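What follows is each chain in one-letter form.
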Amino acid sequence: MRQFVFEDITSEEVARRTGVYTPLTDSVRQLLDAAIRTEVDPDTIRAAGELIDRATAMLRSAQTDGPHGVRYTADGTGMPWGNPAIGIRNAIAPPMVVTRDGDRLVADVVLGAAYEGPPGLVHGGICALLLDHILGEAASAMTGTLTLRYQRATPLGAVHLEAEVVATAGRKLTVRGSMSDADGITVTAEGIFIAPRLTMTERPDDREGP
Ligand SMILES: CCCCCCCCCCCC(=O)SCCNC(=O)CCNC(=O)[C@H](O)C(C)(C)COP(=O)(O)OP(=O)(O)OC[C@H]1O[C@@H](n2cnc3c(N)ncnc32)[C@H](O)[C@@H]1OP(=O)(O)O
């Protein structure tokens, strides 16, 4: 298993990099939405595609060999920036911003056209992704089993997620959670999460951020 990577940078440097990458990811997210919803003519689509290819080449002129990885600083700040649920460098992520409310983790997120499954409704796999993530984060552990009950369809738009550890037995944690819209719960989730034996490593190379 690829290990968590320690990166020896200050909180100011984390904030600086966040300020650099977040607007780029927001732009890519807008691009995803525009690509789904545009009704411009084919010539305009071709011209836009060429511009996007040029931007992609600019970004690829210096990049990591593999994924971003999950990096941590000395004060425990996590940088899971490629994560598809919460990653600030991943335009696939809504992004979900998870906060603590007592014993529960909670998140509010708006799911637009990029998350559509049935017409006007959230794709069931997206519900699973977001619930897997928030339950996993509540446990700080790897998903062993995850059971979802889709009680009713989730309309695209604003959704609320919650997760809470309800039992612990050694490295096994039972976590429950839900997704809801303004009218109440749409999906409930229960999972067994296994806390792995992980060690942090020194940063394996000298890659610098921008
Ligand atoms: C990381 C920080 C993230 C922190 C940040 C959080 C980000 C959240 C991310 C979302 C979560 C994910 O998507 S995680 C990615 C998706 N999940 C995975 O890829 C997991 C793949 N599976 C594995 O890596 C492994 O099978 C593990 C880690 C689940 C278990 O392996 P292990 O650590 O060797 O455990 P093992 O000794 O076999 O078993 C320990 C105990 O757990 C039980 N057990 C083992 N597997 C399972 C299982 N699938 N379902 C139920 N129970 C199980 C055993 O019966 C045993 O119980 P007993 O005999 O002791 O009673």
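Predicted, not measured: the structure shown is a model, and the values here were computed from it.

The next thing to look at is the site of the ligand. Every one of the 18 residues lining the ligand counts as a neighbour, but Asp-132, Thr-143, Gly-144, Arg-171 and Lys-172 are closest to it. At 2.8 Å from an oxygen atom of the ligand is found a side-chain nitrogen or oxygen belonging to Asp-132. Here Thr-143 contributes a backbone N or O atom positioned 3.2 Å from a nitrogen atom of the ligand. Summarising the interface, the protein chains cover 51% of the accessible area of the ligand, which totals 1,200 Å² for the free molecule. Within the residue set of the shell around the ligand, elements represented by two or more residues are α3 (124-139), β6 (142-150) and β9 (184-194). Of the residues that constitute the shell around the ligand, the class distribution is 7 nonpolar, 6 polar and 5 charged.

It is worth spelling out the pairing of β9 at this point. When β6 meets β9, the two strands line up antiparallel, connected through 8 bridges. Bridge assignment links Leu-148 to a residue of β9, and that residue is Ala-189. Alignment of strand β8 (residues 172-181) against β9, held across 10 bridges, turns out to be antiparallel. Note that in β9 the partner of Asp-181 across the bridge is Gly-184. Counting the residues between successive antiparallel strands, the hairpin from β8 to β9 contains 2 residues.

Moving on to unusual backbone geometry. A cis amide bond links Pro-94 with the next residue in sequence, Pro-95, at an omega value of -5 degrees. Residue placement: Pro-95 occurs in the loop between β3 (78-79) and β4 (98-101). Despite not being glycine, Ser-140 shows a phi value in the positive range, around 50 degrees. Its location among the elements puts Ser-140 in the loop between α3 and β6.

All right, on to the sheet that holds strand β5 (residues 104-111) then. The pairing of strands in a sheet comes from backbone hydrogen bonds and takes either a parallel or an antiparallel form. Taken in spatial order, the 6 strands make up an open sheet running β4-β5-β7-β8-β9-β6, and their pairing is antiparallel. Bordering the open sheet on either side are β4 and β6, each of which pairs with just one other strand. Neighbour-to-neighbour, the strand axes of this sheet turn through a mean angle of 25 degrees, independent of strand direction. The strands touched by α3 within the sheet are β4, β5, β6, β7 (157-169), β8 and β9, with β8 carrying the most contacts at an inclination of about 135 degrees.

Right, let's get into the nonpolar core. Core analysis: the largest hydrophobic core is formed by 28 residues, its most contacted members being Met-96, Leu-130, Ile-134 and Leu-161. The greatest single-element share of this core, amounting to 8 residues, is contributed by α3. In this structure, Leu-130 is in contact with Ala-85, Pro-94, Met-96, Val-109, Leu-111, Leu-161 and Met-179, ignoring residues within four places of it in sequence. Membership of the second largest hydrophobic core comes to 5 residues, among which are Val-14, Tyr-21, Met-79 and Trp-81.

The subject of this paragraph is the side chain of His-68. For His-68, the location among the structural elements is in the loop between α2 (42-60) and β2 (71-72). A relative accessible area of 14% places His-68 in the buried class.

Another point: the pattern of salt bridges. Tallied over the entire structure, the rule returns 11 salt bridges. Of the charged contacts in the structure, one is a salt bridge between Glu-13 and Arg-16, with a shortest N-O distance of 2.9 Å. You can see Glu-13 and its partner Arg-16 sitting in helix α1 (residues 11-37), 3 residues apart, about one turn around the helix. Of the residues examined, Arg-16 reaches a relative accessible area of 38% and is grouped as partly exposed. Here Asp-101 makes a salt bridge to Arg-104, at a shortest N to O gap of 2.4 Å. Its relative accessible area of 26% is what places Arg-104 among the partly exposed residues.

What counts and what doesn't
Residue indices follow the written sequence of each chain, beginning from 1 at its first position. Only residues with pLDDT of 70 or above have their local features reported here, since the model is predicted, and side-chain atom pairs are shown and tallied only from 80 upward, although totals for entire chains, interfaces and linings are computed over all residues. For side-chain calculations, the full set of non-hydrogen atoms in the structure is used, while hydrogens and water are omitted. Proximity criterion: a residue is near a molecule or strand once any of its heavy atoms comes within 4 Å of it. Whenever a nitrogen or oxygen atom comes within 3.5 Å of another N or O atom, the pair is scored as a polar contact, on the condition that within protein one atom can donate a hydrogen and the other can accept it, and that pairs from neighbouring residues in sequence are kept only if both atoms are in side chains. Here the Shrake-Rupley method, with its probe set to 1.4 Å, supplies the accessible areas, and only the displayed protein chains count as covering residues. Strands are runs of DSSP state E lasting at least two residues, helices are runs of H or I lasting at least four, and both sets are numbered from the N terminus onward. Under the scheme applied here, ten amino acids are nonpolar (Ala, Val, Leu, Ile, Met, Phe, Trp, Tyr, Cys and Pro), four are charged (Asp, Glu, Lys and Arg), and all others, including Gly, are polar. Strands are labelled as partners when DSSP assigns at least two bridges between them. Convention adopted: a line fitted to C-alpha atoms gives each axis, helices being fitted over their contacting stretch, and angles between N-to-C directions are expressed from 0 to 180 degrees. Throughout, a contact is declared for two residues whenever any of their heavy atoms are within 4.5 Å. As used in this record, nonpolar core signifies buried Ala, Val, Leu, Ile, Met, Phe, Trp, Tyr and Cys residues forming a set joined through side-chain atoms within 4.5 Å. Each residue is placed in one exposure class: buried if its accessible area under a 1.4 Å probe, protein chains only, is under 20% of its type's maximum, exposed if it is over 50%, and partly exposed if it falls in between. In what follows, salt bridge is the name for a side-chain nitrogen of Lys or Arg lying within 4 Å of a carboxyl oxygen of Asp or Glu.

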